[in-house]
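# Architecture and fold: a report
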Amino acid sequence: MPVNKLYICVLSTALCSIAAVSNAKSSLFGDDLKDSETVVLQLQTQLNELGFDAGPTDGAWGRRTAGAVDAFIERFPPATPFSEASDLIYRLQVIHDSRFGSPFGPNSDLITPPSALISNQVFRSDIRDQALSCNDCSVVTFALGSGDFDGDGVDELVVGQHLVDQNRIAVNEATRTLIIKFDAHGENRELVLAGEAPHVSRVHEREAVIADFNLDGVDDLFIAATGVDGPVFYGEQNVLILSSPNGPIDVSFVNLPIIDDNAHGADAGDIDGDGDIDIVVSTHSGTGEYDSYVLWNDGTGNFRRQILLDLVDDPSLLRLYVNGRVANQYSTMKLADLNGDRFPELLLLSCGQSPESMAQNYNSYALINDQNGAFLAEDKIVFTTDRWGNYTFSNDADVHDLDGNGLVDVILTQSTATDKWNGHYLQIFMQEEPDLFVDRTAERLWAQGYQIPLELIAHADQSTLMDLDGDGDSDLITTSAAPAMRSSNLNQAIVQIGINDGSGTFSPLDPRWVSHEGGFSFIGPIVGRFGPNGEPMIASHRIFGSYTAERNVTYGVNFYLHRPG
């Protein structure tokens, strides 16, 4: 990432007389900084902007500035020890540029492939096709995931839809969950389920989990359904679709507990090591007051519920209600093996709760699997997730060994809250030693200081790793409710795809390439094996409706499949 070197030359004369040190702290060079007012002023400004309390930006070195420097070094340790104070100032500039610099600046390593992106419209959804009581409502569409539910070698696309009224307030009316089947001959259509119900309908499908729950070698589908996303938070029955000899079938009310639990997220993994895939469900407060829980699989896709409080040694991190007040809510929970013992840890992802609440989850955490189906909080791993302070939402976690050191790393997809859910940000924690995760976002990703006002960036929802360019390494795709570009100008663009250079460092793919230099397209990109023979492709969408000065109504979206030319 390019670095502003405005004061590096000043430091080289003012500070390079400082003796080499193996582990720099503020006390080692504070005396030398006292007479460098200009340098201290920039240092204080950048530390304060990054959330470290350096006190007034007055250019005077003091205890608060020294404490902020120490906190910064602890939070963002250098890959190699500092040898002089100029190393500290340079690193502070790198971290500051990573947070606030533009990914599209003059020195950006923006990647534009030599061939054009081929994009074809393949399907249109239209809420007017459903018999709904809300005639003037708009539909909000989210791509939830992809999987091969009929076993033909080509993935289907799972899409959630929920209604909002003319004031963008959520409406408590169920809409059909779309499972779009792509045909080699272009006859794309909704997948029809076997059994009595050809489709499932829910109020606000939140997160999809795709795994082989009945162990027959074909993908199955679980969806955490929230229900109407606003007071009174009634909750909703979750979804389970299993493969069968006759095709996928809805078993939501047969194989799952029947509860309207306001599920806010879910993930799957073999928690207890018995060979089948279990599910963890993260719940939020609602009329039913259901704590987060595990769904234990009996090996056939039948599930039994057990609350997570019974499975952790420190329930204070998980208790949803304390003294009748809402306490710990997590944006979602993930299951991933972080220590290589083949048992998944439980990742609790931050949900932007204020210090005034009774929550303990201002950061994200990993609780260690005890290899017996329970989780230990005593030696929990802390992922400091504070881009927007206490209001940082970590919406997804992906685990992958990015640098080939044999230890998996963690990529978090994040957003925040304004009047709605906004923001598009990624954070990378590298596991540099067993159980030691260090924030290396600045070294591994592009700058993420977008020029678009935050309230105009719809939230980033999830990220996926897949080899998009065929070079053998995994590239990074982020599914966002925001378009790649709001106009033809890069100052109204976001980065949705990062190309891996082979070492686990990602460069931004030019959003003009994916959007064909047009605005409000390439929304919700999601990868899958959508090609005629199961080749990897990207699906995205663009909204359509009736938009006038008097009334705006979104009826649905046009779906596109993309591949390089």
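Higher on the page you've got the structure.
What counts, and where the lines are drawn
- Along each chain, numbering runs from 1 in the same order as the chain's sequence is written.
- With pLDDT at 70 or above as the cut-off, local features in this predicted model cover only qualifying residues; side-chain atom pairs require 80 or more to be listed or tallied, and sums for whole chains, interfaces and linings still use all residues.
- Calculated side-chain values reflect all of the structure's heavy atoms, with hydrogen atoms and water omitted.
- Secondary structure is summarised from DSSP: a helix means a run of H or I of at least four residues, a strand means a run of E of at least two, and numbering begins at the N terminus for each.
- Each radius of gyration is computed over the set of C-alpha atoms, and the globule rule expresses the reference value as 2.2 Å times the number of residues to the power 0.38.
- Contacts are assigned to residue pairs that have any heavy atoms within 4.5 Å of one another.
- Only four residue types enter the tally: Lys and Arg on the positive side, Asp and Glu on the negative side, with His and both chain ends excluded.
- For the purpose of locating charges, the reference atoms are NZ of Lys, CZ of Arg, CG of Asp and CD of Glu.
- Here, two cysteine sulfur atoms that lie within 2.5 Å of each other are counted as a disulfide.
- Burial here depends on accessible area, computed with a 1.4 Å probe over protein chains only, as a share of the maximum for the residue type. Under 20% is buried, over 50% is exposed, and the range in between is partly exposed.
- Definition used for salt bridges: Asp or Glu carboxyl oxygen within 4 Å of a side-chain nitrogen of Lys or Arg.
- Side-chain atoms alone can form a polar contact between residues adjacent in sequence; in general such a contact is a pair of N or O atoms within 3.5 Å, and within protein one must be able to donate a hydrogen while the other accepts it.
- Here the expected length of a helix is defined as 1.5 Å per residue gap, with one fewer gap than residues.
- Think of it this way: DSSP has to see at least two bridges between two strands before they count as a pair.
- Any residue with relative accessible area above 30% and no salt bridge may belong to a patch, with like charges joined within 9 Å and the nonpolar Val, Leu, Ile, Met, Phe, Trp and Tyr side chains within 5 Å.
- All accessible areas in this document rest on Shrake-Rupley with a 1.4 Å probe, and a residue is counted as covered only by the protein chains that are shown.
- Note on terminology: a nonpolar core comprises buried Ala, Val, Leu, Ile, Met, Phe, Trp, Tyr and Cys residues joined through side-chain atoms within 4.5 Å.
- In this description, a line fitted to the C-alpha atoms serves as the axis of each element, helices being fitted only across the stretch in contact, and the angle between N-to-C directions of two axes falls anywhere from 0 to 180 degrees.
- Here is the rule for angles: anything less than 35 degrees is roughly parallel, anything more than 145 is roughly antiparallel, 65 through 115 is roughly perpendicular, and the remaining ranges are oblique.
- Here a crossing is called left-handed whenever its near helix is offset anticlockwise from the far helix by less than a right angle, and right-handed whenever the offset is clockwise.
- Basically, the charged four are Asp, Glu, Lys and Arg, the nonpolar ten are Ala, Val, Leu, Ile, Met, Phe, Trp, Tyr, Cys and Pro, and anything else, Gly included, counts as polar.

Attention now goes to the overall build of the protein chain. Of the regular secondary structure elements, the protein chain holds seven helices and 32 strands. Scaling as 2.2 N^0.38, a compact globule of 565 residues should have a C-alpha radius of gyration of about 24 Å, and the protein chain matches this with 24 Å. Taking the principal axes of the C-alpha coordinates as reference, the protein chain spans close to 80 × 55 × 50 Å. Residue pairs at least 24 apart in sequence account for 55% of intrachain contacts in the protein chain once pairs closer than 6 positions are excluded. Mean positive and mean negative side-chain charge positions of the protein chain (33 and 81 charges, respectively) differ by 6 Å.

To continue, consider the state of the cysteines. On inspection of all chains with the given rule, the structure shows one disulfide. Two residues share a disulfide in this structure: C134 and C137, whose sulfurs sit 1.5 Å from each other. Taking the sign of the S-S torsion, about 70 degrees here, the bridge from C134 to C137 comes out right-handed. Note on accessibility: C134 and C137 belong to one class, buried.

Our next topic: unusual backbone geometry. Residues other than glycine seldom take positive phi values, yet R342 does so here, at roughly 70 degrees. Along the polypeptide, R342 turns up in the loop between β18 (332–336) and β19 (345–349). Backbone geometry places E517, a non-glycine residue, at a positive phi of 60 degrees. Relative to the elements of secondary structure, E517 occurs in the loop between α7 (511–514) and β30 (523–528).

This part is about the side chain of D155. Checked against the element boundaries, D155 lands in the loop between β2 (138–147) and β3 (156–164). Look at D155: it is buried, it has no salt bridge, and the nearest opposite charge is R529 at 5.6 Å. At 3.3 Å, the side chain of D155 and the backbone nitrogen of D148 are in polar contact. A distance of 2.9 Å separates a polar side-chain atom of D155 from the backbone nitrogen of R529. Every residue in contact with D155, bar those within four places of it in the chain, is listed here: S146, G147, D148, F182, G528, R529 and F530.

Okay, helix α4 (residues 63–75) next. Since one α-helical turn is 3.6 residues long, residues separated by three or four positions face the same way. With 13 residues, α4 should cover 18 Å at 1.5 Å per step; its first-to-last C-alpha distance of 18 Å lies within 8% of that length. If you check which residues of α4 are buried, you get T65, A66, A68, V69, F72, I73 and R75.

Another aspect to go through is the sheet that holds strand β8 (residues 205–211). The four strands are arranged β8-β9-β10-β11 in an open sheet whose pairing can be described as antiparallel. Edge strands, defined here as strands with exactly one partner in the open sheet, are β8 and β11 (249–250). The pairing of strand β9 (residues 220–225) with strand β10 (residues 239–242) spans three bridges and is antiparallel. Looking at β10, one finds that I223 is bridged to V239.

Time to look at a nonpolar patch on the surface. On the surface, F253, V254 and I258 cluster together into a nonpolar patch covering about 340 Å² of accessible area. Positionally, V254 belongs in the loop between β11 and β12 (263–269).

The next subject is the nonpolar core. Core analysis: the largest hydrophobic core is formed by 32 residues, its most contacted members being I497, F506 and V514. Breaking this core down by element, the ones donating at least two residues are β24 (421–433), β26 (460–466), β27 (475–480), β28 (497–500) and α7. Sort the elements by how many residues they give to this core and β24 lands first, with three residues. Apart from residues lying up to four places away in sequence, V514 is in contact with L117, A484, Q496, I497, L509 and F522.

With antiparallel pairing, four strands are arranged side by side in an open sheet as β2-β3-β5-β6. Of all the strands in the sheet, just β2 and β6 (189–190) have a single pairing partner and so form its edges. By the bridge criterion, two bridges tie strand β5 (residues 178–181) to β6 in an arrangement that is antiparallel. For I180, the partnering residue across the bridge sits in β6 and is E190.

So, on to the pattern of salt bridges. This model, assessed by the stated rule, comprises 17 salt bridges. With its nearest N and O atoms 2.7 Å apart, the salt bridge here joins R440 to E432. Overlapping salt bridges, with partners in common, bring together R75, R99, D386 and D439 in one network.

A few words now on the environment of G67. Within the fold, G67 resides in helix α4. Overall, G67 belongs to the partly exposed group, its relative accessible area being 35%. Taking the C-alpha atoms as reference, G67 lies 7.9 Å from D53; in sequence the two are 14 residues apart.

Among the surface-exposed residues, D313, E378, D379 and D435 lie close enough to one another that they form a single negatively charged patch. Within the element layout of this structure, D379 appears in strand β21 (residues 375–383).

In contact at an axis separation of 10 Å, helix α3 (residues 37–49) and helix α5 (residues 85–100) are set at 40 degrees when each is read in the N-to-C sense. On the basis of the axis angle, α3 is oblique to α5. Handedness of the α3/α5 crossing: left-handed. Facing α3, whose interface residues are V39, Q42, L43, Q46, L47 and E49, α5 presents I89, L92, Q93, H96 and F100. By residue class, the composition of the contact of α3 with α5 is six nonpolar, four polar and one charged.

As a further point, take the packing of α3 against α4. With their axes 10 Å apart at the nearest point, α3 and α4 run at an angle of 55 degrees to one another. With respect to α4, the axis of α3 lies oblique. In this structure, the crossing between α3 and α4 has a hand that is left-handed. The segment α3 lies against α4, with L43, Q44 and L47 engaging T65, A68, V69 and F72. Partitioning the contact of α3 with α4 into residue classes produces five nonpolar, two polar and no charged.

In the case of a regular strand, side chains alternate between the two sheet surfaces. Across five bridges, the pairing between strand β20 (residues 364–369) and β21 is antiparallel. Each residue of the ladder has a partner; that of S364, found in β21, is F383.

Of all eight residues in strand β22 (residues 393–400), six are buried, a share of seventy percent or more. In this structure, β22 lies alongside strand β23 (residues 409–417), joined through seven bridges in antiparallel fashion. Bridge pairing links V399 to V410 in β23.

In short, geometric facts, not functional conclusions.
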